[in-house]
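What follows is the residue order along each chain.
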Amino acid sequence: MIKGKMNPTIVTSFLLFLVLSLGSIFLSGAPVKVHAVNIVCFFVALVLGTVAAEKIKSDIPTYVIWIIVGLSGLFAWDVASSVVIVKAEVFMGWYILYPIGLLGILCLQIMACATNKLGPFNKQRHGGA
């Protein structure tokens, strides 16, 4: 089942996605199709992972949901990159890209959660209910 209201962790995750995606676009000289693949797959791995972990009631721990959705985003990126980039192949350098990519996604997820818990909008931190 899906819970009701918007969670600040989702907003924080989306803002991280937005800042990092725009930074990637402005600092890179890659073609538009490469940016499109990167941004869509990054959205899946980060923002949809946060939404799935926060909105779906489940007995599965949050970090397991982050890992599953993060790996889905990385796999989608790997397959789509092999289509868009001429010299790229599926699973090319997987032993480096998947662990480092998943670690990066998990660090961003943890950062979004930590920012949410330390923020001024957290009523539990300030003693309110």
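The coordinates are above.
Residues numbered from 1 in each chain as written. Predicted model: local features only at pLDDT ≥ 70, side-chain atom pairs only at ≥ 80, totals over all residues. Heavy atoms only, no water.

(A) Layout of the overall build of the protein. The helix and strand tally for the protein stands at four helices and zero strands. Its helices and strands in sequence order give the protein the pattern α-α-α-α, from N to C terminus. Expressed as a percentage of the 129 residues in the protein, the buried residues total 35%. Restricting the contact set of the protein to residue pairs at least 6 apart, pairs at least 24 apart contribute 67%. (Helix = DSSP H or I, 4+ residues; strand = E, 2+ residues; numbered from the N terminus. Buried < 20%, exposed > 50% of the residue type's maximum accessible area, 1.4 Å probe, protein only. Contact = heavy atoms within 4.5 Å.)

(B) Molecular detail of a nonpolar patch on the surface. Taken together, the side chains of Met-6, Val-11, Phe-14, Leu-15, Leu-18, Leu-22, Ile-25, Phe-26 and Leu-27 make up a nonpolar region of the molecular surface, amounting to roughly 910 Å² of accessible area. As for its position among the elements, Phe-14 is in helix α1 (residues 8-27). We classify Phe-14 as partly exposed; its relative accessible area is 36%. (Patch = residues over 30% accessible without salt bridge, like charges linked within 9 Å, V, L, I, M, F, W, Y side chains within 5 Å. Areas by Shrake-Rupley, 256 points an atom, 1.4 Å probe, with all protein chains shown as cover. Salt bridge = Lys/Arg side-chain N within 4 Å of Asp/Glu carboxyl O.)

(C) Geometry of the packing of helix α2 (residues 32-55) against helix α4 (residues 94-118). Remark: α2 packs on α4, axes separated minimally by 11 Å, with the N-to-C direction vectors making an angle of 45°. Between α2 and α4, the angle falls in the class oblique. Considering how the two elements wind past one another, α2 and α4 form a crossing that is right-handed. Only Ile-105, Leu-108, Gln-109 and Cys-113 of α4 make contact with α2, whose side of the interface consists of Phe-42, Ala-45, Leu-46, Gly-49, Thr-50 and Glu-54. (Axes fitted to C-alpha atoms, helices over the stretch in contact; angles between N-to-C directions. Parallel < 35°, antiparallel > 145°, perpendicular 65-115°, else oblique. Left-handed = near helix turned anticlockwise from the far one by under 90°.)

(D) Inspection of the nonpolar core at higher detail. Within the largest apolar cluster, 10 residues are counted, these being Ala-52, Ala-53, Ile-65, Trp-66, Val-69, Leu-74, Tyr-98, Leu-102, Leu-106 and Cys-113. Contacts of Leu-74, omitting those with residues within four sequence positions, involve Tyr-98, Gly-101 and Leu-102. Of all hydrophobic cores here, the second largest spans nine residues; its members include Leu-16, Phe-42, Val-47 and Ile-105. (Core = buried A, V, L, I, M, F, W, Y, C linked by side-chain atoms within 4.5 Å.)

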